[in-house]
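Secondary and tertiary structure notes
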Amino acid sequence: MNTIEDLDDRNLPRHLAIIMDGNGRWAKQRHKLRVFGHEHGVKAVRETVENCAKIGIEYLTLYAFSTENWNRPRIEVETLMRLLVSSLKKELETLHKNDIRLDAIGNIESLPKKAYNELQEVISKTKNNSKMTLTLALSYGSREELENAVKQIGIKVKNNIISPEKIDETIINDHLYTRNLPDVDLLIRTSGEHRISNFLLWQIAYAELYFIDIFWPDFRGHHLVEAIRNYQNRERRFGKTSEQLN
Ligand code: IPE
Ligand code: IPE
Ligand code: MG
């Protein structure tokens, strides 16, 4: 069966990341404005967050708005920011009820003041919750994240805080927005597109990728269970041979 209860809770992805794509096309199919798709996308977010907490996922990271999404029509960007504020207000209860801590990655200072303040408030109010960490990628771009990391490391080298020979994966990792997150184990993208769109390039080095041909507002618990089952049936070799693993 494809219910959450039937899922084997051994070998769960510790860090699940999702590219929630296809809201616009979902709405277009129904001859509605893209905004309508985003509103329904929020419902799928709520359901997915609760399901992940129930399943026992420790880290869930959702791609909600990319650095490139700022180039969309102004009205769409405004709607997405408005939806962000109203969802944060509404979901604080749900986060507490499920013992979920909220965090954010991305250039969050670039968000409108209202969204930024609401986000900070929910982050601070949920900081002691410990069952799951929900990270929203907002105004996030992997290349920008790497650019910032290189800049910060460069400044530390210049000020003799780090010597260039000492720069390694750990130091790079410690200068990313995701410094407190483990590597991604499973990355899901909805909508049928097979691309990464500037999401967590460094962090998905050894993630399992799962693409599903449905639009985000249609993503339900059984799709999530299917994706996790599929993940559990894969052999992650990290460069070794199959024999070495056994
Ligand atoms: C994902 O759906 C939501 C965001 C990127 C904010 P889209 O809005 O990209 O929907 P499509 O891909 O155009 O259908
Ligand atoms: C990726 O989706 C960003 C989010 C889901 C927030 P896009 O719809 O922006 O990506 P492209 O343009 O299809 O690559
Ligand atoms: Mg899209």
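The sections below set out a description of the structure shown in this document.

Once that is clear, we can look at the packing of helix α2 (residues 34–55) against helix α7 (residues 221–232). In contact at an axis separation of 10 Å, α2 and α7 are set at 45° when each is read in the N-to-C sense. In terms of axis orientation, α2 runs oblique to α7. Where α2 crosses over α7, the handedness of that crossing is right-handed. Together, Glu 47, Thr 48, Asn 51, Cys 52 and Ile 55 of α2 and Gly 221, Leu 224 and Ile 228 of α7 make up the contact between the two elements.

Two faces make up the sheet, and in a regular strand the side chains alternate between them. Burial within strand β4 (residues 132–140) is extensive, with nine of its nine residues counted as buried. Looking at chain direction, strand β2 (residues 59–66) and β4 are connected through seven bridges and run parallel. When the bridges of β4 are listed, Tyr 63 appears paired with Ala 137. Examined bridge by bridge, strand β3 (residues 100–105) and β4 share six bridges and lie parallel to one another.

We now examine the site of ligand 1. In the neighbourhood of ligand 1, the contacting residues comprise Met 20, Asp 21, Gly 22, Asn 23, Gly 24, Arg 25, Arg 34, His 38, Ala 64, Asn 69, Arg 72 and Leu 80. Taking Asp 21, its side chain carries an N or O atom lying 2.8 Å from an oxygen atom of ligand 1. For ligand 1, an oxygen atom lies 2.9 Å from a polar atom in the backbone of Gly 24. Burial of ligand 1 by the protein amounts to 87% of the accessible area it has alone, namely 370 Å².

Right, let's talk about the site of ligand 2 for a bit. Residues in contact with ligand 2, as listed here, are Ile 19, Met 20, Asp 21, Tyr 63, Ala 64, Phe 65, Asn 69, Arg 72, Arg 189, Arg 195 and Ser 197. In the model, an oxygen atom of ligand 2 is placed 3.1 Å from a nitrogen or oxygen of the Asp 21 side chain. At 2.9 Å from an oxygen atom of ligand 2 is found a side-chain nitrogen or oxygen belonging to Asn 69. Look at ligand 2: alone it shows 390 Å² of surface, and the protein chains cover 78% of it. Assessed atom by atom at 2 Å from the grid points, ligand 2 resides in the largest pocket.

The subject of this paragraph is the packing of aromatic side chains. A complete count under the given rule lists eight aromatic pairs for this structure. Here the aromatic rings of Tyr 63 and Tyr 140 are separated by 6.1 Å at their centres, their planes lie at 80°, and the arrangement is edge-to-face. Of this pair, Tyr 63 sits in strand β2 while Tyr 140 sits in strand β4; the two residues are 77 residues apart in sequence, bridging distant segments of the chain. For Tyr 63, a relative accessible area of 7% translates into the label buried. Exposure remark for Tyr 140: the relative accessible area of 0% places this residue in the buried category. Between the aromatic rings of Trp 216 and Phe 219, the centroid separation amounts to 5.1 Å while the plane-to-plane angle is 20°, which identifies the pairing as stacked. For Phe 219, a relative accessible area of 0% gives the class buried. One aromatic cluster is present, built from ring pairs that chain together Tyr 63, Tyr 140, Tyr 177 and Phe 199.

Rules behind the numbers
- Residues numbered from 1 in each chain as written.
- Chains lettered and ligands numbered in written order.
- Predicted model: local features only at pLDDT ≥ 70, side-chain atom pairs only at ≥ 80, totals over all residues.
- Heavy atoms only, no water.
- Axes fitted to C-alpha atoms, helices over the stretch in contact; angles between N-to-C directions.
- Helix = DSSP H or I, 4+ residues; strand = E, 2+ residues; numbered from the N terminus.
- Parallel < 35°, antiparallel > 145°, perpendicular 65-115°, else oblique.
- Left-handed = near helix turned anticlockwise from the far one by under 90°.
- Contact = heavy atoms within 4.5 Å.
- Buried < 20%, exposed > 50% of the residue type's maximum accessible area, 1.4 Å probe, protein only.
- Pairing = 2+ DSSP bridges.
- Near = heavy atom within 4 Å.
- Polar contact = N/O pair within 3.5 Å; in protein donor to acceptor, adjacent residues only side chain to side chain.
- Areas by Shrake-Rupley, 256 points an atom, 1.4 Å probe, with all protein chains shown as cover.
- 1 Å grid on protein atoms, 1.4 Å probe; cavity = no way out; pocket = protein on both sides within 12 Å on 5 of 7 lines; lining within 4 Å.
- Sits in = over half its atoms within 2 Å of the grid points.
- Phe/Tyr/Trp six-rings, centres within 6.5 Å; stacked < 30°, edge-to-face > 60°.

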